[in-house]
Amino acid sequence: MKLLEVEDELAENLSGYVEKLKRKLSIVEKSLCNLKAKHIQMKMDYETYFGNPLNSFSLIYRLSSSWKMWLKYTSESQKEELEHIDEAHRMRTQLPTSSDLQMASRGIDELMAYYKLTPEELGVGNLSGYTRPETALSSLDCYALGEFCIQIRKDALAEAWFNASLRLFKENNSVYNVYDFSRTTIDTSWGALLIKNNQYDAAFNHFGQSSLSNISREVQNQFEEDLGAKRNCSAKFRLPNHLHCRYNSSTSPFLHIAPLKMEEISTDPYMVVYHDVIYENEINWLLDNSDFRTSLVGESQISTLRTSQDMPFGANSGEVMRNIEKRIKDMTGLSMDLSEDFMLINYGIGGTYKMHYDFYVYSEPLRFLRGERIVTVLFYLGDVELSGSTVFPFLNISITPKKGSAVMWYNLHNSGDVHQKTQHCACPVVVGSKYVLTKWINELHQTFITPCMKDSNIHS
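Below: a short report on this structure.

What counts, and at which threshold
Residues numbered from 1 in each chain as written. Predicted model: local features only at pLDDT ≥ 70, side-chain atom pairs only at ≥ 80, totals over all residues. Heavy atoms only, no water. Helix = DSSP H or I, 4+ residues; strand = E, 2+ residues; numbered from the N terminus. Buried < 20%, exposed > 50% of the residue type's maximum accessible area, 1.4 Å probe, protein only. Contact = heavy atoms within 4.5 Å. Areas by Shrake-Rupley, 256 points an atom, 1.4 Å probe, with all protein chains shown as cover. Salt bridge = Lys/Arg side-chain N within 4 Å of Asp/Glu carboxyl O. Expected span 1.5 Å × (residues − 1). Polar contact = N/O pair within 3.5 Å; in protein donor to acceptor, adjacent residues only side chain to side chain. Core = buried A, V, L, I, M, F, W, Y, C linked by side-chain atoms within 4.5 Å. Pairing = 2+ DSSP bridges. Patch = residues over 30% accessible without salt bridge, like charges linked within 9 Å, V, L, I, M, F, W, Y side chains within 5 Å. Axes fitted to C-alpha atoms, helices over the stretch in contact; angles between N-to-C directions. Lys, Arg positive; Asp, Glu negative; His and termini not counted. Charge placed at Lys NZ, Arg CZ, Asp CG, Glu CD.

### Brief notes about the overall build of the chain
Then, in step 1: Secondary structure assignment for the chain yields 15 helices and 20 strands.
Then, in step 2: Evaluated residue by residue, the chain yields a buried proportion of 39% over its 460 residues.
Then, in step 3: Once local pairs closer than 6 in sequence are excluded, the contacts in the chain between residues at least 24 apart make up 70%.
Then, in step 4: For the chain, the exposed area adds up to about 27400 Å²; of that, 55% sits on carbon and sulfur atoms.

This is how it looks when you write it as structure tokens:
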């Protein structure tokens, strides 16, 4: 009874707030009608209308002063309206707590357990044969009970409640806006629950109905890692019909006499695989001169994303490295100035690199000084017996390591914006050992080599 009284007070307070808003709206609507009437009169005969100096003065006054007052009147909350809001805040101490809601949810759960009731029955107001349609639960009620079931680790029952919530969801219910509630809310909670239980395909169906931007960062990371990477690591790349293999003889003058075998994989972002582009003697020299260390973040912290060992090689480390850098220049047509050192990486048994981008996303001043990584070139120095693919989940591309080949892709749009679809991972090596040589090319010295195309800002 006390709660009913509180709800009566809240309803009365809200009703008073609405009445004051209506009065405010009525004033605005009447003024708008008068304004439209004047505009109709004005448009009938501009010359006659403005020939009257009073009309001219009235127009100038409205535009110079009246509109400012209207803006202030419509945008600021009036004192008498704020009184109702303050009253609602004062009544919060009389409302049920989260603990009360937990106990009520537990009570519903106990009823279901004892009398073998289902969310479908409760959703329509059926209590073990005692049916009252007016007591039917709403989509919001079912969603709240689903969230409670997750807390008490009744995942199957939570799914049933989410299903009932979707079934009762009404697309045009404006009240949902108050609760920030939508189909995406239900799909997100259900999808996160399915990911937790390793039901990736089912989770994909739910996340496919909503934007990733609406999902929490934690769930999004889990989605990208478990659903994106793991599903693609077992896939093999299949060449789309509209892409093809050819000899590249146009990127540099040298390629006119010594073209390279190139396989086009993607146009957005631009991505190709070069075959037979690093040679046996070069691979042997790299491996013979390597002194691997555990991959670190900075100078001392072990990486949580990568399970591997690596070693840097400068372009001046020997004739082999100079030749490889010249070849990259032929492959890409880009300048190597300011580009980072080569990185030789070894992924042993289980070696992996979780989902990541190669670009830095520098702030603007820092980017002008350091430059972004415009292109990545990744050489494969050996075959891998099982797995170890390089996977781009958002492009549906999986590239199997092949000795002597190299994959090259652009990390940036032509406009300079970072390309979100270039997120990728190195699948864990099951059998064998994976050696790769990576080169990241800097954007700063490419100004006249890769000029902006027309409409290049479309990705901003």
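### Topic: the pattern of salt bridges
Then, in step 1: Across all of its chains, the model carries eleven salt bridges by this definition.
Then, in step 2: Two residues, glutamate 120 and arginine 167, come together in a salt bridge whose shortest N-O distance is 4.0 Å. Of this pair, glutamate 120 sits in helix H6 (residues 119-123) while arginine 167 is found in helix H8 (residues 155-168), placing the two residues 47 residues apart along the sequence.
Then, in step 3: According to the relative accessible area criterion, arginine 167 is partly exposed, its value standing at 48%.
Then, in step 4: Arginine 327 serves as the salt-bridge partner of glutamate 282, at 2.8 Å between the closest nitrogen and oxygen. Taken together, the residues glutamate 282 in helix H13 (residues 280-288) and arginine 327 in helix H14 (residues 319-332) connect sequence positions 45 residues apart.
Then, in step 5: For glutamate 282, a relative accessible area of 4% translates into the label buried.

### Some details on helix H7 (residues 139-151)
Then, in step 1: Across its 13 residues, H7 extends 19 Å between first and last C-alpha, which sits within 8% of the 18 Å expected from 1.5 Å per residue.
Then, in step 2: Buried residues of H7: Ser139, Cys142, Tyr143, Leu145, Gly146, Phe148 and Cys149, and no others.
Then, in step 3: Where H7 is buried, its residues touch helix H5 (98-115), H8, helix H9 (176-179) and helix H10 (183-196).
Then, in step 4: Positive backbone phi, at 65°, marks arginine 153, one or two positions downstream of H7.

### Considering the side chain of threonine 352
Then, in step 1: Looking at the element boundaries, threonine 352 is found in strand E12 (residues 352-356).
Then, in step 2: There is a polar contact of 2.7 Å between the side chain of threonine 352 and the backbone oxygen of alanine 426.

### Let's talk about the nonpolar core
Then, in step 1: Residues Ile324, Phe379 and Leu437 are the most contacted members of the largest nonpolar core, which totals 34 residues.
Then, in step 2: Among the elements that line this core, the one with the most residues is H14, at five residues.
Then, in step 3: Core analysis: the next-biggest nonpolar cluster, separate from the first, contains 22 residues, Leu122, Cys149, Leu193 and Ile195 among them.

### Some remarks on the sheet that holds E12
Then, in step 1: With antiparallel pairing, five strands are arranged side by side in an open sheet as E9-E12-E18-E15-E16. Since the sheet does not close on itself, it has two edges, and those belong to strand E9 (306-307) and strand E16 (397-399), each with one partner.
Then, in step 2: For E9 and E12, the ladder comprises two bridges, and the chain directions are antiparallel. By the bridge assignment for E12, arginine 306 is matched with tyrosine 353.

### Things to note about a nonpolar patch on the surface
Then, in step 1: Together, Leu111, Tyr114, Tyr115, Leu127 and Tyr130 make up an exposed nonpolar region whose accessible area comes to about 600 Å².
Then, in step 2: Broken down by element, the residue count for the nonpolar patch peaks at three residues, all from H5.
Then, in step 3: Topologically, leucine 111 is positioned in helix H5.

### Examining the sheet that holds strand E11 (residues 342-347)
Then, in step 1: Here we have nine strands laid out as an open sheet, ordered E3-E4-E5-E17-E13-E20-E11-E10-E6, and antiparallel in their pairing. Lying at the two open borders of the sheet, with one neighbouring strand each, are strand E3 (245-248) and strand E6 (293-294).
Then, in step 2: Direction of pairing for E6 relative to strand E10 (residues 309-313): antiparallel, over a ladder of two bridges. Considered in E10, the bridge of arginine 293 is made with aspartate 310.
Then, in step 3: Docked against the sheet, H14 engages E3, strand E4 (260-267), strand E5 (270-275), E10, E11, strand E13 (373-380), strand E17 (406-410) and strand E20 (434-442), running at close to 120° with respect to E13.

### Overview of a negative patch on the surface
Then, in step 1: Negative charge collects at one region of the surface, where Glu5, Glu7, Asp8, Glu9 and Glu12 lie side by side.
Then, in step 2: Mapped onto the elements of the fold, glutamate 7 is located in helix H1 (residues 2-44).

### A closer look at unusual backbone geometry
Then, in step 1: Following aspartate 268, the chain continues to proline 269 via a peptide bond in cis, the omega torsion being 0°.
Then, in step 2: Its place among the elements puts proline 269 in the loop between E4 and E5.
Then, in step 3: Positive phi is not limited to glycine here, since aspartate 276 has a value of about 55°.
Then, in step 4: In this fold, aspartate 276 is placed in the loop between E5 and H13.
Then, in step 5: A positive phi angle is found at valine 361, which is not glycine, with a value near 60°.
Then, in step 6: Among the structural elements, valine 361 can be located in the loop between E12 and helix H15 (364-370).

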